[in-house]
Amino acid sequence: MLHIDSAPSTPGKVKMEKSSYFFTRGGGARWHYSLAKLTVWSFAFLALILIFFLRSPAPSTITSAADPSRRSLRNYNWGGSAWEKRVRASARARSSNGLTVLVTGAAGFVGTHVSSALKRRGDGVLGIDNFNDYYDPSLKRARQALLERTGVFIVEGDINDEALLRKLFEVVPFTHVMHLAAQAGVRYAMENPGSYVHSNIAGFVNLLEVCKSVNPQPAIVWASSSSVYGLNTKVPFSEKDRTDQPASLYAATKKAGEEIAHTYNHIYGLSLTGLRFFTVYGPWGRPDMAYFFFTKDILKGKQIAIFEAANHGTVARDFTYIDDIVKGCLGALDTAEKSTGSGGKKRGPAQLRVFNLGNTSPVPVSELVSILERLLKVKAKRNIMKLPRNGDVQYTHANISYAQRELGYKPTTDLQSGLKKFVRWYLNYYSDGKKAVE
Ligand SMILES: O=C(O)[C@H]1O[C@H](OP(=O)(O)OP(=O)(O)OC[C@H]2O[C@@H](n3ccc(=O)[nH]c3=O)[C@H](O)[C@@H]2O)[C@H](O)[C@@H](O)[C@@H]1O
């Protein structure tokens, strides 16, 4: 008998005393009996596997590319005629001159708002999202339900799944891709660097590989970030300023995205527009962002950490309201020129752009908290802390004249009015007893 005490510490080196029971010569009838039993059980096991495969539904069951960065590896189901029908219906534009847009990260904050705005004005929209657990997936499911009501179907899958992306382009000849799927968050990059490489680099390259090879190639608009300005001190930030000093891995992956975009534009003629978003906030926002968890913590009476730079220096952000960002995204899609490649080959020069989408009026984080206090009618428990060395920069401020000229981009919502709408949404969303605030 193998006792727990006698088990060797090296796995795989367990002495199989029981196995000698099957293989000793003197075993006789007992040996034959055991062999027969083993055979019967083996057949039963094989039969079970066979039944499992025969009973599998017609749609292909694809396991997403293993993501080492996630605790929960996910299986996604896609395919089959009913699924294709939903994909086609969602992507159908109301009129023949409407766009047909694949929105990646459609269950995300910006993705939901952009998808809904496109659908409302008559464009065809299909979403894709992997519903990962970076933050509460139930919020993503609620956004999905919202989009379903407007007629937008979100395919569950990962942008790293090449077969899925190819299938989507086979079913629908998308004219545009609005690429918003990403691992967001500046500070989380120190905890989980792999997830940034997986989504923001590998996932983006996979998407571009598929886009370059399909006919017709779509035009691509995608989310870069204000964080690419990193340690740049020249303000306001202009697209011409240096972006070679990222302060976080998140920023570095977004900057890498801009360089990767250059390559695919140069070699394959893909039309590519990068949008540098400046701290986007609003209803249905991201719970990992300061304005969101400050609201939660102020209401709970919990202390909040407010960062300040050296010598009591102000930390400020050019907070940009979601509706303004949506207008910028639509402006970028509407002015995107066609890609020029076909058959995977470039046939001529293609459009390559990068725009700042900010609000042009930075607000100190302490002022953000004061606005929240007034709106929530609760005093915050402020804990002023030195800005940690975790990727945060002290200050952001967008120069938006290029986006104004080319996209007609003109932000109209100040932080006070935008937060008012956010707080109204927050109280309404979380007052419904079913949604727990962690
Ligand atoms: O502009 C962008 O491109 C980026 O904007 C945000 O990043 P960030 O500006 O750091 O937004 P928050 O995490 O909401 O932080 C806002 C401000 O609050 C400060 N903060 C954050 C957390 C905290 O506990 N205390 C605190 O004072 C930060 O230093 C920052 O100045 C998003 O999280 C990024 O995904 C996005 O790419």
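Only a predicted model underlies this, so the values are computations on that prediction, with no experimental measurement involved.

### A closer look at the overall build of the protein
At step 1: Counting its regular elements, the protein contains 13 helices and 15 strands.
At step 2: Taken over 438 residues, the protein has a buried fraction of 51%.
At step 3: Taking all contacts inside the protein whose residues are at least 6 apart in sequence as the whole, residues at least 24 apart take part in 80%.
At step 4: Split by element, the accessible area of the protein, about 22,000 Å² in all, is 57% carbon and sulfur.

### Some words on the packing of aromatic side chains
At step 1: In total, this model carries 31 aromatic pairs according to the counting rule given.
At step 2: Ring plane angle 40 degrees and centroid distance 6.3 Å describe the contact between Phe237 and Phe278, whose orientation is recorded as tilted. Of this pair, Phe237 sits in the loop between β7 (219–225) and α8 (249–268) while Phe278 sits in the loop between β8 (272–277) and β9 (280–281), placing them 41 residues apart in sequence.
At step 3: Residue classification places Phe278 among the buried residues on the basis of a relative accessible area of 0%.
At step 4: Here a set of aromatic residues connected by ring pairs shows up, and it is made of Tyr281, Trp284, Tyr291, Phe292, Phe319, Tyr321, Phe422, Trp425, Tyr426, Tyr429 and Tyr430.
At step 5: Directly above the ring of Tyr135 sits Lys140, whose terminal nitrogen or CZ lies 4.6 Å from the centroid.

### Quick look at the UniProt feature "domain: NAD-dependent epimerase/dehydratase" (unreviewed entry) in the protein
At step 1: According to UniProt, the feature "domain: NAD-dependent epimerase/dehydratase" (unreviewed entry) maps to residues 101–338 in the numbering used here.
At step 2: Summarising residues 101–338: 42% helix, 18% strand, and an end-to-end C-alpha distance of 13 Å.

### Remarks on the nonpolar core
At step 1: Counting residues in hydrophobic clusters, the biggest one holds 78 residues, and the most contacted among them are Met178, Phe277 and Leu419.
At step 2: Tallying contributions element by element places helix α13 (residues 415–431) first for this core, with eight residues.
At step 3: Setting aside residues no more than four positions away along its own chain, Phe277 makes contact with Val110, Leu180, Ala223, Ser224, Ser225, Ser226, Ile325, Cys329 and Leu357.
At step 4: If you look at the next biggest cluster of nonpolar residues, it comprises 31 residues, including Phe153, Leu165, Leu168 and Leu207.

### Re the sheet that holds strand β5 (residues 153–156)
At step 1: Taken in spatial order, the seven strands of this open sheet run β5-β4-β3-β6-β7-β8-β13, and their pairing is parallel. In this open sheet, the two edge strands, each paired with only one partner strand, are β5 and β13 (352–357). The sheet shows a mean angle of 20 degrees between the axes of neighbouring strands, taken without regard to direction.
At step 2: The pairing of strand β4 (residues 124–129) with β5 spans four bridges and is parallel. In the strand pairing of β5, Ile128 is matched with Val155.

### Side note on the side chain of Asn206
At step 1: Mapping Asn206 onto the fold places it in helix α7 (residues 193–213).
At step 2: On the basis of relative accessible area, Asn206 is assigned to the buried category, the value being 11%.
At step 3: At 2.6 Å, the side chain of Asn206 and the backbone oxygen of Ile159 are in polar contact.
At step 4: Apart from residues lying up to four places away in sequence, Asn206 is in contact with Ile159, Asn160, Asp161, Glu162 and Leu165.

### Side note on the pairing of β4
At step 1: Among the six residues of β4, six are classified as buried, and the element is accordingly described as predominantly covered.
At step 2: Going residue by residue along β4, you find Gly124, Leu126 and Ile128 tucked away on one face and Val125, Gly127 and Asp129 tucked away on the opposite face as well.
At step 3: Relative to β4, strand β3 (residues 100–104) is paired through five bridges, and the arrangement is parallel. The partner of Thr104 across the bridge, within β4, is Ile128.
At step 4: Traced from β3 through helix α4 (residues 109–120) to β4, the parallel crossover comes out right-handed.

### Some details on unusual backbone geometry
At step 1: In this structure, the amide linkage connecting Asn215 to the following residue, Pro216, adopts the cis form with an omega of -5 degrees.
At step 2: Within the secondary structure, Pro216 sits in the loop between α7 and β7.
At step 3: The linkage connecting Val235 with the following residue, Pro236, adopts the cis geometry, with an omega of -10 degrees.
At step 4: For Pro236, the location among the structural elements is in the loop between β7 and α8.

### Details of the site of the ligand
At step 1: Neighbouring residues of the ligand: 24 residues in total, closest Arg187, Ser225, Ser226, Tyr250 and Ala305.
At step 2: Within the side chain of Arg187, one N or O atom sits 2.6 Å away from an oxygen atom of the ligand.
At step 3: Protein chains shield 94% of the accessible area of the ligand, which is 700 Å² for the free molecule.
At step 4: Contributing elements (two or more residues each) for the shell around the ligand: α9 (290–300) and β10 (303–308).
At step 5: Looking at the shell around the ligand residue by residue, the class counts come to 15 nonpolar, five polar and four charged.

### As for α8
At step 1: End to end, α8 covers 28 Å across 20 residues, agreeing with the expected 28 Å (1.5 Å per residue, within 8%).
At step 2: Of the residues making up α8, those classed as buried are Tyr250, Ala251, Thr253, Lys254, Lys255, Gly257, Glu258, Ile260, Ala261, Tyr264, Asn265 and Tyr268.
At step 3: Phi for Gly269, located one or two positions after α8, is positive at around 75 degrees.

About the cut-offs
- Residues numbered from 1 in each chain as written.
- Predicted model: local features only at pLDDT ≥ 70, side-chain atom pairs only at ≥ 80, totals over all residues.
- Heavy atoms only, no water.
- Helix = DSSP H or I, 4+ residues; strand = E, 2+ residues; numbered from the N terminus.
- Buried < 20%, exposed > 50% of the residue type's maximum accessible area, 1.4 Å probe, protein only.
- Contact = heavy atoms within 4.5 Å.
- Areas by Shrake-Rupley, 256 points an atom, 1.4 Å probe, with all protein chains shown as cover.
- Phe/Tyr/Trp six-rings, centres within 6.5 Å; stacked < 30°, edge-to-face > 60°.
- Lys NZ or Arg CZ within 6 Å of the ring centre and 35° of its normal.
- UniProt positions renumbered as here; feature names shortened; annotations may be inferred.
- Core = buried A, V, L, I, M, F, W, Y, C linked by side-chain atoms within 4.5 Å.
- Pairing = 2+ DSSP bridges.
- Axes fitted to C-alpha atoms, helices over the stretch in contact; angles between N-to-C directions.
- Polar contact = N/O pair within 3.5 Å; in protein donor to acceptor, adjacent residues only side chain to side chain.
- Right-handed = clockwise from strand over helix to strand, strands pointing away.
- Near = heavy atom within 4 Å.
- Nonpolar A, V, L, I, M, F, W, Y, C, P; charged D, E, K, R; others polar.
- Expected span 1.5 Å × (residues − 1).

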